[in-house]
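Structure assessment
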Amino acid sequence: MGAIEEVYDELDTDVEFEEFEAAVEDKVEQMGGLADEETAAMLIAHELRDEEADTIADIEPGMNEVKFLGKVTAIGEIRTFERDDEEAEEGRVCNVDVADASGSVRVALWDDMAAAAEEELEVGQVLRVMGRPKEGYSGLEVSADKVEPDEDAEVDVQVLDTYRVEDLTLGASDVDLVGQVLDTDSIRTFDRDDGSEGRVANLTVGDETGRVRITLWDDKADLAEEFDAGEVVEVGDGYVRERDGDLELHVGDRGTVERVDDDVEYVPETTDIADLEIGQTVDIGGGVIETDPVRTFDRDDGSEGQVRNVRIKDETGEIRVALWGDKADREIDLADRVVFTDVEIQDGWQDDLEASANWRSTVSVLDGESEAAAGAANGASGSGAGGSGDADSADRDASETGLGAFAEDGQKAAAEAVAGESDDDGSGASGGAAAATTERSSEDVEFTGTVVQTGDPVVLDDGQQTRTVDTDASLRLGEEITVRGPERDGTIDADDVF
């Protein structure tokens, strides 16, 4: 047996020996005698191995040609197009989605193969595909050179009519999913490489198995403004992509999002505030015991940013949450029960932990106010008016309330804040709230950040939060400084600037 035969016998390939042998001879000729037949045969074998994809997940854009098995999960309609050559016949293409246990990929079938697919292919068939991977409009796709049904092969993939969040896998397409809207974002624009303007918006939906971010492209972005948190929607013809390690469900030209009359329950698994640690990305929930107004600041690129702080309390502790961008505009009031998902736990000021709600976070205000907060507020205002408050009932409310329940201190804080708005004589609970606010705001604080706005007021930003500063010091944009002084009404009155 010659060297070429020995190398070929070790290959697991569909390439015929005669074709392999011819490729080896061409390689020897190309290298001008620098490689003998054995070396050339090994080089050709290496190239063939690179083309073999063990799973769909192994396929990457830029590979010369791949071969893989996959089960048909969806068959698109044939579309026609005009070729560059005006005298050439009209072109045809049909997109077929195939999957294996590792993921899914779209396969583009052209002309005669497209016609055959419409007539002969069925969902559930296993195909042996050979083609060239590339980055398509909706992600990775393979432009097929050859497609053959393989009746003997088995691919362990379940074809679903309707998905749940836990069923989503990278690359899945033609996904139909029903979920409860948890949060919506505003429409954003961006410039494409070809100079055109794109549009994108997001929804976050959840079901009993989890939650997923829905990305709406171009004309579909307008759908984000049609739904409110708590409504149930059905996403149709979506496709799954990955961003920052998380799966997202994308909706493009073919996709739909429609309001449906279904019952879907989403129950977040929140982390107790007492168990939070710096560096975590978690879901938290509780009752609102403090709210700050929205503050704006100028970014380095000249655009305006905004942030709002709220403080929440659960049965184990309390924490401040910084709401950035559009999330600062969410209507959140004292005693509301709220859930924040995917917040980053960071080191805040005065050695407190702080939760940062950024672009990937969701903000959900649950129906009804926190029972504990409401009970405490009613108790405080009732006592101030000379009415009779039921302390035992309030204690029962506090112990029986689930998400958003306040411990004793939280009940008092919420009660004082709410009662302070209604007491006409300015005494009792409202006076206590004023005293507590004055005591907190007059403490000296120290903050280090970059000057993002000069003048009156000065605004500092440390990358995680912003502070408004009252100072006569001459400062420059971009300068990093530390200020120290009492904080009153959200502004640091800087005694020291260094």
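Attention now moves to a nonpolar patch on the surface. On the surface, Ile75, Val123 and Val159 cluster together into a nonpolar patch covering about 200 Å² of accessible area. Topologically, Ile75 is positioned in strand β1 (residues 66-75). Relative accessible area serves as the criterion here: at 30%, Ile75 is assigned to the partly exposed category.

On to the pairing of strand β9 (residues 197-207), then. Most of β9 sits out of view: nine of its eleven residues are buried. As paired strands, strand β7 (residues 175-184) and β9 are joined by four bridges and run antiparallel to one another. The partner of Thr184 across the bridge, within β9, is Leu203. In this sheet, β9 lies alongside strand β8 (residues 188-191) in antiparallel orientation, the contact comprising four bridges. Looking at the pairing, Asp191 lines up with Glu197 of β9. Here β9 runs beside strand β10 (residues 210-217); their pairing, made up of eight bridges, is antiparallel.

Time to look at the side chain of Asn358. Relative to the elements of secondary structure, Asn358 occurs in the loop between β19 (353-357) and β20 (362-369). Contact partners of Asn358, with chain neighbours within four places excluded, come to Lys327, Asp342 and Glu344.

Moving on, we get to the pattern of salt bridges. For the structure on display, the rule yields 27 salt bridges. The partner of Asp111 in a salt bridge is Arg83, with the nearest N and O atoms 2.7 Å apart. Here the residue Asp111 occupies a position in the loop between β4 (103-110) and α4 (112-120), and Arg83 occupies one in the loop between β2 (79-81) and β3 (91-100), the gap between them amounting to 28 residues. Given the relative accessible area of 23%, Asp111 is considered partly exposed. On the basis of relative accessible area, Arg83 is assigned to the partly exposed category, the value being 32%. By sharing partners, the salt bridges in this structure join Asp185, Arg213, Glu248 and Lys327 into a single network.

This brings us to the confidence of the model for the protein. Averaged over all residues, the pLDDT of the protein equals 79, while 80% of them reach at least 70. Within the protein, helix α8 (residues 429-441) has the poorest average pLDDT of any element, 36, and strand β13 (residues 256-259) the best, 95. Predicted confidence for residues 370-441 stays below pLDDT 50, and this span has 80 contacts to residues more than four positions away or in other chains.

What follows is about the nonpolar core. Core analysis: the largest hydrophobic core is formed by 23 residues, its most contacted members being Val175, Leu177, Ile214, Leu216, Leu249 and Val257. Broken down by secondary-structure element, the contributors of at least two residues to this core are β7, β9, β10, β11 (232-243) and β12 (246-251). Setting aside chain neighbours within four positions, we find Leu216 in contact with Arg199, Val200, Ala201, Leu203, Ala221, Leu223, Ala224, Val251 and Val257. Core analysis: the second largest hydrophobic core is formed by 19 residues, Val66, Phe68, Val98 and Ala114 among them.

It is worth spelling out α4 at this point. Those residues of α4 lying buried are Ala114, Ala115 and Ala117. Looking straight down α4, one finds its buried side chains confined to an arc of 160 degrees; they lie on one side. Turned more than 90 degrees off the buried face of α4, the exposed positions are Asp112, Glu119 and Glu120. Check the buried side of α4 and you find it contacts β3 and β4.

What follows deals with the side chain of Asp183. Along the polypeptide, Asp183 turns up in strand β7. At 2.7 Å, the side chain of Asp183 and the side chain of Arg330 are in polar contact. From its side chain, Asp183 meets the backbone nitrogen of Val363 in a polar contact 2.9 Å long. Once you skip the residues sitting within four places of it in the chain, Asp183 turns out to touch Leu203, Thr204, Lys327, Arg330, Ser361, Thr362 and Val363.

Counting buried residues along strand β16 (residues 304-313), nine of its ten residues qualify, which places the element largely inside the surrounding structure. Direction of pairing for strand β14 (residues 281-291) relative to β16: antiparallel, over a ladder of four bridges. Counted as the bridge partner of Gly287 is Lys313 from β16. As paired elements, strand β15 (residues 295-298) and β16 share four bridges and run antiparallel to each other. Residue pairing for β16: Arg295 is matched across the bridge by Val307. Connecting β15 to the antiparallel partner β16 that follows it, the hairpin turn spans five residues, and Gly302 within it adopts a positive phi of roughly 95 degrees. Pairing of β16 with strand β17 (residues 318-324), which is carried by seven bridges, proceeds in the antiparallel orientation. Note on β17: the bridge partner recorded for Arg311 is Arg320. Linking two consecutive strands that pair antiparallel, namely β16 and β17, is a turn of four residues.

About the cut-offs
- Residues numbered from 1 in each chain as written.
- Predicted model: local features only at pLDDT ≥ 70, side-chain atom pairs only at ≥ 80, totals over all residues.
- Heavy atoms only, no water.
- Patch = residues over 30% accessible without salt bridge, like charges linked within 9 Å, V, L, I, M, F, W, Y side chains within 5 Å.
- Areas by Shrake-Rupley, 256 points an atom, 1.4 Å probe, with all protein chains shown as cover.
- Salt bridge = Lys/Arg side-chain N within 4 Å of Asp/Glu carboxyl O.
- Helix = DSSP H or I, 4+ residues; strand = E, 2+ residues; numbered from the N terminus.
- Buried < 20%, exposed > 50% of the residue type's maximum accessible area, 1.4 Å probe, protein only.
- Pairing = 2+ DSSP bridges.
- Contact = heavy atoms within 4.5 Å.
- pLDDT = per-residue confidence, 0-100.
- Core = buried A, V, L, I, M, F, W, Y, C linked by side-chain atoms within 4.5 Å.
- Arc of directions from axis to C-beta.
- Polar contact = N/O pair within 3.5 Å; in protein donor to acceptor, adjacent residues only side chain to side chain.

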